[in-house]
Each structure stands twice: as C-alpha cells, then as structure tokens.
Amino acid sequence: MTPAFPTRSGLAAVLAAAAILFVPSLRFPFIWDDTAVVRDNPFIHSRVPPGLFFRPAFWQQLLPVSRFDYRPLQMLTLAAVSRIGGTDPLYYRSANLALHLLVVLLVFGLAGRLGAGKWAALLAAAYFAFHPVHVESIICARNISELASAALLLSALGIFLRPGRCSPVIALPFFAAALLYKESALIFPPLLTILVAAAPGEPGPGKSRLRGTVPFWILAAAGGLGKILLSSGPRTAVPPPVGHLLAGAARLLVTNLRLLVFPARLKLLYPFPRPETWPESVWFFSLAGAVLLAAALLASRKNRLLFSLLLCLPISLLPALSRVGTAGRIVAEQRLYLPSFFFCLGAAILIDRARNAAGGRRRAAIGFVAWLICLPLAGLTTGYLRDWRDELPLWSRVTSLSPRAGVAFNNLAIALSRAGDTEGARRGWERALEIDPRLPEAHTNLGILRGREGRWEEAADRFREALSADPAHHPAAIYLAQTYRRWNRNEEAADLLRAVRKQNPGHAVAANELAIVLERLGKEEEAIELYRAAADLNPKYAAPLRNLAALLGERGEFERA
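Nothing here was measured: the structure is a model prediction, and the numbers come from that model. (Residues numbered from 1 in each chain as written. Predicted model: local features only at pLDDT ≥ 70, side-chain atom pairs only at ≥ 80, totals over all residues. Heavy atoms only, no water.)

(A) Broad picture of the overall build of the protein. When helices and strands are counted, the protein shows 29 helices and 0 strands. For the protein, with 561 residues in total, the buried portion stands at 52%. At a minimum sequence separation of 6, the contacts of the protein that also span at least 24 residues come to 70%. Looking at the protein as shown, the accessible area adds up to about 25,500 Å², and 62% of this sits on carbon and sulfur atoms. (Helix = DSSP H or I, 4+ residues; strand = E, 2+ residues; numbered from the N terminus. Buried < 20%, exposed > 50% of the residue type's maximum accessible area, 1.4 Å probe, protein only. Contact = heavy atoms within 4.5 Å. Areas by Shrake-Rupley, 256 points an atom, 1.4 Å probe, with all protein chains shown as cover.)

What follows is the structure in structure tokens.
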C-alpha cells in the first residue's frame, strides 16, 4: 500500500500543525489547580532534597491538594522546570507541548509495530495530535504526569514488542517510571498482554512472550498495594450503595466514550450528583453501547489488532471510573489522554480497512474524508483553547454546560471575586450550595465574603458548616480560628489550629497562625519555634518572619530581630 504522500513529510506536517495549534496557549496564566500545585508550591521552587518527593509522608501531609496520590516523578519534573523558568507558565506549557508531540511520534511508531499500515499509522497520529479531548492535559502544568506516563507506557509497549529476549527487561523500568508519574499506569499489564497477543508474527503470542508480561503484573500488584496503603485513613463521606456505584460507573464509561467520539461539548467537569436508578436513560445508553461494542468485536475477529484495540479501550478507561465513589462523581477530560490512543488507532484502522475494500474514486473519496476529519478536530481544539485563556471564561463555559456542577459554580465565583464582582461571586457561591449543600469550599468562600462585610457571626457559621461537611478542610479551620482570635477566644483557636497541624504538619499557614495565638496566650518561646518552623516549611512565605521579627523586637532582642 502506497501512502498518499511521503510518510516522513506527512508526519512532520502533523507535528508542525499540532505545535502551531497550541502555541497561542503557552502564554496563558496558571489556572485551576495549577495555582496550588505549581505556582504556589514551595517544594518545587526551593532546593529541597529530591528524596522528599519519594516519602509517603510528603503526599499524606505536606501536599494536601494531592489527595493521597503518589507521584514523585511529577514533582521532580516540575521542580526541574522551575529551575529553568521559575513561575513563568511558558516553560511548563512548553514542556507539556513537547511531551505531547513526543507521544504523537510514539503513536505513529507503535501503530506500525502493532501491524497497522503506514497510511493508517499516520492517520492515527494526526487524530491523536488534534483531538480536542487532550486540551486539558496539555494546558494544565500539573498534568505533565498524564503526558509523561502515557509517553513511558507507549515506549514500554514498543520496546516489549521488539524482537529479542532482553526487550521485556528494558521495558520494565519504563513501566516503573510511569507508575511514579501517575498511578493510573496500573492498568498497563492487561493492555500489554492483550496487545502482545495481537502483535504480528506467530498465530499465537507464544509462551515466552506471555511469560515476559509476568514481571509487569507483579510490579502492578505491588503498586496497587502501595496505593491502597497510602490512601488508607479516615473517610469523611459514606460510600453510596453498590447499585449506585455500578450505575455511576456505567454512566461515566458512556460519557468518556462519547467524549472521544463526539468531542463537540467538552466542558471539563461532568457531575452526577443524583443516585442513578435502573429506569434512567444511562442504562439504555450503556446497553446500546455494550451491544455495539460486542458487534464490533465479533465483526473484527479476523483482525486481531482491531479486536485488541476495541478490547483495550474500555480497560484503559477504568482509572477514569475511580471517581465514581466520590461526592458528585466528577469526570475530567485529562483522564482520557491514554485511552484516546486506542480510540484514534482503532478509528484509523477501520477507515483504512474500508478504504482498502473500496476501489477507484470511492477509495480516494474515503481517504480524502478521513483526512478532512482533522479539520473539525483542530477547529474544536482551537475553540476550546480560547476558553482556557483565563479563569472567568473557563468557568463561565463550564457552568453553562454543567448547570448541576456545584464545584464549577464555586470556581466561577472565585474568578468573579478576583475580577471585583462581589455580588456575582456571592450569587455563584449561593448557587453552588443550592446544588451541593455540603460543598465545603463554597461554605468557606462565602464565609470569607461575610467576614469582609463585617458579618462575623455568619462567617463563623459558614466555616463550621464547611468543617461539618469535611473535617479535613483546613482552610475553613484556619479562617474559623482567625475569627475566634478576633473574638479573643484564643484557646478555641489554638485547638483548631493544633488539629490542622496534627493532620498536616507541613501546613505553613497553620503553623504561623498557631504561633500568633500562642503569642497572645503568653507562650512566646513556643511561638518563636513555630514562626521558625513555618518559615522553614515555606521559604517564600514572609509572614512568619515578619511576625518573628516583631516579637523579638518587642522583647528587646533587636540583633535577633
């Protein structure tokens, strides 16, 4: 089969077009969780020992936004970028874009190694390069873990499929590194086993090739056990019944598949706050999807590669279902980065099969339409990128498309508050609480607004509501402690702050606030130690040093001050 144009030139054109597509976003500001994970994270901007990122205590106590993840290589990579670019988003986005282009190259190479023709491999690389579902992964600096993990897993798969007995040994460290970037890499062994069985060569995978997958299963089991141990701890919410979990999983699976096939309404957050029941439409869609998938699998039995890709797609979506048991059951598009490989390659192979079965003008027409699909994909990506240029347009879009997303309304209200629209922010937080009355972030933010208005009793009530919904929501505890301090209820404030410090010893703000309270209680030596501890925890946090200097000055210790 002869490609329509030279393969190397076509691949270069795809890479160049993908780079041009994302270049305007390189100067967008940090947005959403990137402010906490990257911009305001003292651990990646100060020269801490690299071994710190490998300690479980760092993820359990020092980085609460991680929610008990374990991604040491993510932090190391972000710290390395910080050495070059500081807090300039350009460098982090450039690193993400470079990784995305690398993955596009890997998609092309791996497609050929799995047995796809050059034309289909190039088409799959183009679909992957332009697919709008990847915008969130590329635009958010923290998602370098998603991109790097996908690059490592595809590399491991390509190395494993190379001829030679040493290939599995060389591939295993790539899998281990992917696990240290993101725990979703745990699903790699079943994907590897399926694709090894489908790889071109002998009719069957052979015992030696199957034995080569065993170390990957063992490493995945160890990684899964470590994740369970790391995540063990008190749970603030009662898990829903099993039936609701299954319904939520079915709906999430269908939603994720729809985002890959019809990505026209990407909206970042897809909440499912209502318990699902059997008569609801999700089950009909799930059943229809299962029937279509089964039909596709049966129809493709003569094509082992297509069969394996269709089988790998739902398996690769399993990590995206990990949110089913959480409040709101939210799905975000960045979880679809690796699954889109199986979708894009499968789509390209199906089109290539239809093209080969046709003849003459019909064959040329199918090829033309196949490449024409890249244009709407690129157009959707361009439009979606515009929504990521700042917090306000992003969350305005999300709330318009997800009117039941309390988290989205909370984030929109934060953006409105920063823009000076206090009344709009108040309405946003009230709307968030109408949707989810136990959303701690909305209670806390509304409490802060009440405090600015001098309505301290109402503010304290909001902070208590937030803590009632989530006792581990540290911002509410700190603001409530500040409110108690304003009322000279210093012992109660100290108790709250000690509880925060117990749960999160690395919280520099809590340490500083507790030191202020202890100073008021006359415990100056303890306060001095805590001011120093707070400054050590976050060298860029100036407040504890100012407070320490003031305390030492009041004591007449001017040299120390």
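(B) Expanded view of the packing of aromatic side chains. Within the structure shown, the criterion is met by 12 aromatic pairs. An angle of 75° between the planes, with centres 5.2 Å apart, marks the rings of phenylalanine 128 and tyrosine 337 as edge-to-face. Highlighted residues: phenylalanine 128 in helix α7 (residues 118–130) and tyrosine 337 in the loop between α16 (304–316) and α17 (339–357), separated in sequence by 209 residues. Taken individually, phenylalanine 128 and tyrosine 337 each receive the classification buried, so the pair is uniform in this respect. Through pairs of rings, three or more aromatic residues link up here, namely Phe160, Phe175, Phe188 and Phe216. One cation-aromatic arrangement involves arginine 355 over tryptophan 119; the distance from NZ or CZ to the ring centre is 4.1 Å. Here the guanidinium or amino end of arginine 431 rests over the ring plane of phenylalanine 409, the centre of that ring lying 5.6 Å away. (Phe/Tyr/Trp six-rings, centres within 6.5 Å; stacked < 30°, edge-to-face > 60°. Lys NZ or Arg CZ within 6 Å of the ring centre and 35° of its normal.)

(C) Representation of unusual backbone geometry in the model. In this model, tryptophan 32 sits at a positive phi of 60°, which is unusual for a non-glycine residue. Mapped onto the elements of the fold, tryptophan 32 is located in the loop between α1 (7–22) and α2 (34–39). What makes tryptophan 32 buried here is its relative accessible area of 16%. We note that asparagine 488 has phi near 60°; this positive angle belongs to a residue other than glycine. If you trace the backbone, asparagine 488 turns up in the loop between α25 (474–486) and α26 (490–503). Here asparagine 488 falls in the exposed class, since its relative accessible area comes to 57%.

(D) The pattern of salt bridges, seen in detail. Within the structure shown, the criterion is met by 20 salt bridges. Where glutamate 183 meets arginine 71, a salt bridge forms, and the shortest distance between an N and an O atom there is 2.6 Å. Remark: arginine 71 occurs in the loop between α4 (56–62) and α5 (72–85) and glutamate 183 occurs in the loop between α10 (167–181) and α11 (188–198); sequence separation between them is 112 residues. Each of the two residues, glutamate 183 as well as arginine 71, counts as buried. Here arginine 485 ties to glutamate 513 by a salt bridge, and the two come within 2.9 Å at their closest N and O atoms. In this pair, arginine 485 is assigned in helix α25 and glutamate 513 in helix α27 (residues 508–520), connecting sequence segments 28 residues apart. The class for arginine 485 is buried, based on a relative accessible area of 17%. Through salt bridges with shared partners, a single network forms among Glu423, Arg426, Arg427, Glu430, Arg450, Glu453, Arg455 and Glu458. (Salt bridge = Lys/Arg side-chain N within 4 Å of Asp/Glu carboxyl O.)

(E) Representation of the packing of α25 against α26 in the model. Look at α25 against α26: their axes get within 8 Å of each other, and the N-to-C directions meet at 160°. In terms of orientation, α25 and α26 fall into the roughly antiparallel class. The interaxial crossing formed by α25 with α26 has left-handed handedness. Counted together, His474, Ala477, Ile478, Leu480, Ala481, Tyr484 and Arg485 of α25 and Asn490, Glu492, Ala493, Leu496, Leu497, Val500 and Gln503 of α26 form the full contact between these two elements. (Axes fitted to C-alpha atoms, helices over the stretch in contact; angles between N-to-C directions. Parallel < 35°, antiparallel > 145°, perpendicular 65-115°, else oblique. Left-handed = near helix turned anticlockwise from the far one by under 90°.)

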